[in-house]
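Report on the structure
Next come the chains, spelled out residue by residue.
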Amino acid sequence: MHITAKVDYAVRTLVELAAVGPDPAKAEFLAKSQVIPHKFLEAVLSDLRRGGLVNSRRGPDGGYWLARSADEITIADVIRAVEGPLASIRGQRPEDVDYGGRQRHSKRCGSQCASTFAPCSKTSRSPTSRVASYPSSFTN
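Residues numbered from 1 in each chain as written. Predicted model: local features only at pLDDT ≥ 70, side-chain atom pairs only at ≥ 80, totals over all residues. Heavy atoms only, no water.

Here we come to the pattern of salt bridges. Inspection of every chain in the model, using the stated rule, returns five salt bridges. Asp-47 is the salt-bridge partner of Lys-6, the closest N and O atoms lying 2.8 Å from each other. With Lys-6 in helix 1 (residues 5-20) and Asp-47 in helix 3 (residues 38-50), this pair connects stretches of sequence that are 41 residues apart. A salt bridge links Arg-12 to Asp-8, with the shortest nitrogen-to-oxygen separation between them at 3.0 Å. With Arg-12 and Asp-8 both in helix 1 and four residues apart, the pair spans about one turn of that helix. Judged by its relative accessible area of 32%, Asp-8 is partly exposed. Through salt bridges with shared partners, a single ionic network connects Lys-6, Asp-47 and Arg-50. (Salt bridge = Lys/Arg side-chain N within 4 Å of Asp/Glu carboxyl O. Helix = DSSP H or I, 4+ residues; strand = E, 2+ residues; numbered from the N terminus. Buried < 20%, exposed > 50% of the residue type's maximum accessible area, 1.4 Å probe, protein only.)

Next up on the list: the environment of Lys-26. Structurally, Lys-26 is set in the loop between helix 1 and helix 2 (27-34). Ignoring sequence-local partners within four residues, the contact set of Lys-26 consists of Gly-59, Pro-60, Asp-61, Gly-62 and Gly-63. At a separation of 3.1 Å, a polar atom in the side chain of Lys-26 contacts the main-chain carbonyl oxygen of Pro-60. (Contact = heavy atoms within 4.5 Å. Polar contact = N/O pair within 3.5 Å; in protein donor to acceptor, adjacent residues only side chain to side chain.)

Here is the structure:
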């Protein structure tokens, strides 16, 4: 997966905000501590705020802080906030798709094909009816 500079800066900014704690941190402080161009950081912070990952307050006591606990924020949340939606599967977010309840391909044909994504040559299913058998670690 290609990670853009914008996502990289967003992750680094959130890590810095998590380290600072609940007190608001100024954008200038975040830019200097993470060596991020200030103008670019302002755009990133705006995206993170719209995405619900950070809160902000104006004024001398203002700044930015995490909108929720750091352990509740995923990298996917950050990517969605700054880059837009991730790939969709039949119009759903990848983590909302249920892959459970499907019979493993190798149980039908007895071959070792379930360890790969390649279709088994022993079955006569049409290409349009094939269902990939994903390892359980891909759905978590």
